[in-house]
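Each chain, written out:
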Amino acid sequence: MEAMQRIGVIGAGAWGTALAQTLRRAGRDVILWAREPEVVDAINHRNENTDFLPGVALDSAIHATEEITDALAADAVLLVVPAQHMRSVCAALAPRWPTGVPAVVCAKGIEQTSASLMHETVEDVLPADVPVAVLSGPTFAAEVVRGLPTAVTLAMDDAHVGRALVDAIGTPTFRPYYAPDRIGAEIGGAVKNVMAIAAGIVDGRKLGDNARAALLTRGLAEITRLAVAKGGRAETLMGLSGLGDLVLTASSLQSRNYSLGHALGEGKTLEAVMGGRKAVTEGVYTASAVVALAKDLSVDMPICAAVDGVLNHQADLDETIRGLLNRPFKAEHSI
Ligand SMILES: NC(=O)C1=CN([C@@H]2O[C@H](COP(=O)(O)OP(=O)(O)OC[C@H]3O[C@@H](n4cnc5c(N)ncnc54)[C@H](O)[C@@H]3O)[C@@H](O)[C@H]2O)C=CC1
Ligand SMILES: O=C(CO)COP(=O)(O)O
């Protein structure tokens, strides 16, 4: 397969911007679509994304555009819009998508209206010949954009295209590991956001380090059950896009999801926290979608259901915690 030199990036939030900078470090030509004209202007004229990733000097060769289809003049296209907007954005791209050019899903979430994973949503809308990969893993944009060492999972069935994408995106400080399992990679990335909200609640409520460790371990068991029921591999969840991202996101106030949970645990309301935020907090939307998906697949996901109850059904926080702690004792592994 020919080397991929020109890469389109759809979405110039924090993550799309950090990926564009990474691609420049890898020596690629980058065209970055931003929804906001002021973001296009700031990137092209001041080499900074003042709205979504302020304070970092971007490579001056990153070309931002307001015209979404400009980003399709590329050898591969990264899709970096919030999960609930992925379908409408892909619908705008579909009629002009170049034959056979791979798409890489970089969002982490499950669609609320359909309980679809992002690669399923993208495949629903883009032409059938588009190979769709998933990029996921422990990656705070603010660290990636500065070139701090990071490793990720690049998942797709086709190892040949996967290898070409790894070569196009990878640098010594941004190391993609190929995996064949998109389902596992996506479920790990999406559901860890819900677990991070739960872990933030545990810490904000001062329930202790033991409780956080228990939550994360049982949370990983929940995530793995869902991934396997959907057709993914358990081993993927032990990798960067599973355990790796869960550990990162569920233990740092840098995370929008964890910090939301932390504030809820301290007694703030969802409206008060979200009202002051421009950045997307994916776990808020994925919580209800994951509960619907788990129901479809008959998978028990008590932690996700508890988070959904608190966020979307006015469940009392302390009663919800008591409910989880009073579940019947059971074997640690299915026997
Ligand atoms: N920020 C991070 O560290 C990481 C984020 N991600 C994922 O990347 C995805 C994008 O997140 P961020 O770049 O952090 O976003 P952000 O929170 O920095 O910015 C919000 C983004 O949403 C876009 N947006 C708002 N309304 C829209 C609409 N109607 N249609 C299309 N786009 C719209 C804005 O243009 C902006 O690009 C999310 O799924 C997130 O989970 C993944 C890895 C790391
Ligand atoms: O996905 C992320 C890190 O891997 C970013 O997490 P937050 O969206 O919670 O900030």
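All values derive from a computational prediction rather than experimental measurement.

(A) The arrangement of the site of ligand 1 in detail. Around ligand 1, the surrounding shell holds 21 residues, and the nearest of these are Ala14, Trp15, Glu36, Val280 and Glu282. Within the backbone of valine 280, one N or O atom sits 2.8 Å away from an oxygen atom of ligand 1. Taken by itself ligand 1 offers 830 Å² of open surface, and the protein chains cover 88% of this. Shared between two domains, the shell around ligand 1 holds at least three residues of each, these being domain 1 (6-180) and domain 2 (183-325).

(B) Spatial organisation of the pattern of salt bridges. Enumeration over the complete set of coordinates arrives at 17 salt bridges. Lysine 108 is the partner of aspartate 245 in a salt bridge, and the nearest nitrogen-oxygen pair spans 2.8 Å. One end of the pair, aspartate 245, is in helix 9 (residues 240-249); the other, lysine 108, is in the loop between strand 5 (103-105) and helix 4 (118-125), with 137 residues separating them in the sequence. Here the residues in one salt-bridge network are Arg87, Glu111 and Asp124, joined through shared partners.

(C) Representation of the sheet that holds strand 7 (residues 150-155). Across the sheet, which stays open at both edges, the eight strands sit in the order 3-2-1-4-5-6-7-8 with mixed pairing between neighbours. Both outer strands of the open sheet, strand 3 (63-65) and strand 8 (174-179), are each paired with one neighbouring strand and no more. The average angle at which neighbouring strand axes cross in this sheet is 25°, direction not considered. Two elements, strand 2 (residues 29-33) and strand 3, share three bridges in a ladder whose sense is parallel. Residue pairing for strand 3: tryptophan 33 is matched across the bridge by threonine 65. Running at roughly 175° to strand 8, helix 6 (residues 159-169) makes contact with strand 1 (6-10), strand 4 (76-79), strand 5, strand 6 (132-136), strand 7 and strand 8 of the sheet.

(D) Fine view of the side chain of aspartate 245. Residue class for aspartate 245 comes out buried when judged on its relative accessible area of 1%. The contact partners of aspartate 245, leaving out residues within four places of it in the chain, are Lys108, Gly137, Pro138, Thr139, Gly189, Lys192, Leu240 and Ala250.

(E) Fine view of the site of ligand 2. Close contacts around ligand 2 come from Lys108, Gly137, Pro138, Thr139, Phe140, Lys192, Asp245, Leu248, Thr249, Ser255, Arg256 and Asn257, and that covers them all. At a separation of 3.0 Å, an oxygen atom of ligand 2 approaches a polar backbone atom of threonine 139. Sorting the residues of the shell around ligand 2 by element identifies helix 9 and helix 10 (256-265) as the ones contributing at least two each. In terms of residue class, the shell around ligand 2 is made up of three nonpolar, five polar and four charged. Formed jointly, the shell around ligand 2 draws a minimum of three residues from each of two domains, domain 1 (6-180) and domain 2 (183-325).

(F) Examining the packing of aromatic side chains more closely. By the definition in use, this model includes one aromatic pair. When the centroid spacing of 6.5 Å and the interplanar angle of 50° are considered together, the rings of tryptophan 15 and phenylalanine 174 count as tilted. In this pair, tryptophan 15 sits in helix 1 (residues 14-25) while phenylalanine 174 sits in strand 8, placing the two residues 159 residues apart along the sequence. Judged by its relative accessible area of 15%, tryptophan 15 falls in the buried class. Looking at phenylalanine 174, the relative accessible area reads 2%, which means it is buried. The side chain of lysine 278 reaches across the aromatic face of phenylalanine 52, ending 5.1 Å from its centre.

(G) Summary view of the state of the cysteines. Throughout the structure, instances matching the rule amount to zero disulfides. Cysteine 90 takes part in no disulfide bond, and the closest cysteine sulfur to it belongs to cysteine 106, at a distance of 11 Å. With a relative accessible area of 1%, cysteine 90 lands in the buried category.

(H) Spatial organisation of the domain arrangement of the chain. With domains assigned, the chain is organised as domain 1 (6-180) and domain 2 (183-325). Taken over C-alpha atoms, the centre of domain 1 sits 24 Å from the centre of domain 2. On the domain 2 side, the residues contacting the 29 residues of domain 1 number 30 residues. Buried surface at the junction of domain 1 and domain 2, summed over both partners, amounts to about 2400 Å²; 64% is from carbon and sulfur atoms. Together, Lys108, Ile110 and Phe140 form the three largest contributors to the area buried by domain 1 at its contact with domain 2, with a combined 28%. At the boundary of domain 1 and domain 2, one finds three salt bridges. On inspection of domain 1 and its partner domain 2, the count reaches twelve residue pairs in polar contact (both at pLDDT 80 or more). For the side of domain 1 that touches domain 2, the secondary structure elements donating two or more residues are helix 4, strand 6, helix 5 (141-144) and strand 7. Per element, the largest residue contribution to the side of domain 1 that touches domain 2 is four residues, and it comes from strand 7. Taken together, the residues that form the side of domain 1 that touches domain 2 break down as 16 nonpolar, eight polar and five charged.

Rules used in this analysis
- Within every chain, residues take consecutive numbers counted from 1 along the sequence as written.
- For naming, the first written chain is A and the first written ligand is 1, with later ones following in the order written.
- Whole-chain, interface and lining totals are the exception, using all residues; otherwise, since this is a predicted model, local features are given only for residues with pLDDT of at least 70 and side-chain atom pairs are given and counted only at 80 or more.
- Values reported for side chains reflect all heavy atoms of the structure, with hydrogen atoms and water molecules removed beforehand.
- We call a residue near a molecule or strand whenever a single non-hydrogen atom of that residue lies within 4 Å of it.
- Think of a polar contact as two N or O atoms within 3.5 Å of one another; within protein, one of them needs to be a possible hydrogen donor and the other a possible acceptor, and neighboring residues in sequence only count if both atoms come from side chains.
- Method for areas: the Shrake-Rupley scheme with a 1.4 Å probe, in which residue coverage is limited to the protein chains shown.
- Throughout the structure description, domain borders are defined by an automatic or database domain assignment.
- Salt bridges are defined by distance alone: a side-chain nitrogen of Lys or Arg within 4 Å of a carboxyl oxygen of Asp or Glu.
- Here a strand is any run of E in DSSP of at least two residues, a helix any run of H or I of at least four, and the numbering for each starts at the N terminus.
- Whether two strands pair comes down to DSSP finding at least two bridges between them.
- Axis definition: a line fitted to C-alpha atoms, over the contacting stretch in the case of helices. Angles run 0 to 180 degrees between N-to-C directions.
- Any two residues having at least one pair of non-hydrogen atoms within 4.5 Å are treated as being in contact.
- The cut-offs for exposure are 20% and 50% of the maximum accessible area for each residue type, with area from a 1.4 Å probe on protein chains only; residues under the lower value are buried, those over the upper are exposed, and the others partly exposed.
- All amino acids are sorted into three groups, where Ala, Val, Leu, Ile, Met, Phe, Trp, Tyr, Cys and Pro are nonpolar, Asp, Glu, Lys and Arg are charged, and the leftover types, Gly among them, are polar.
- Any Phe, Tyr or Trp ring, taking Trp's six-membered ring, that has another such ring centre within 6.5 Å forms a pair; planes under 30 degrees apart are called stacked, those over 60 apart edge-to-face, and the others tilted.
- Ring-over charges, as used throughout, are those where CZ of Arg or NZ of Lys falls within 6 Å of the ring centre and within 35 degrees of the ring normal.
- When two cysteine sulfur atoms are found within 2.5 Å, that pair is recorded as a disulfide.
- A simple way to read buried area is as the amount of 1.4 Å-probe accessible surface that goes missing from two parts once joined, with both sides added.

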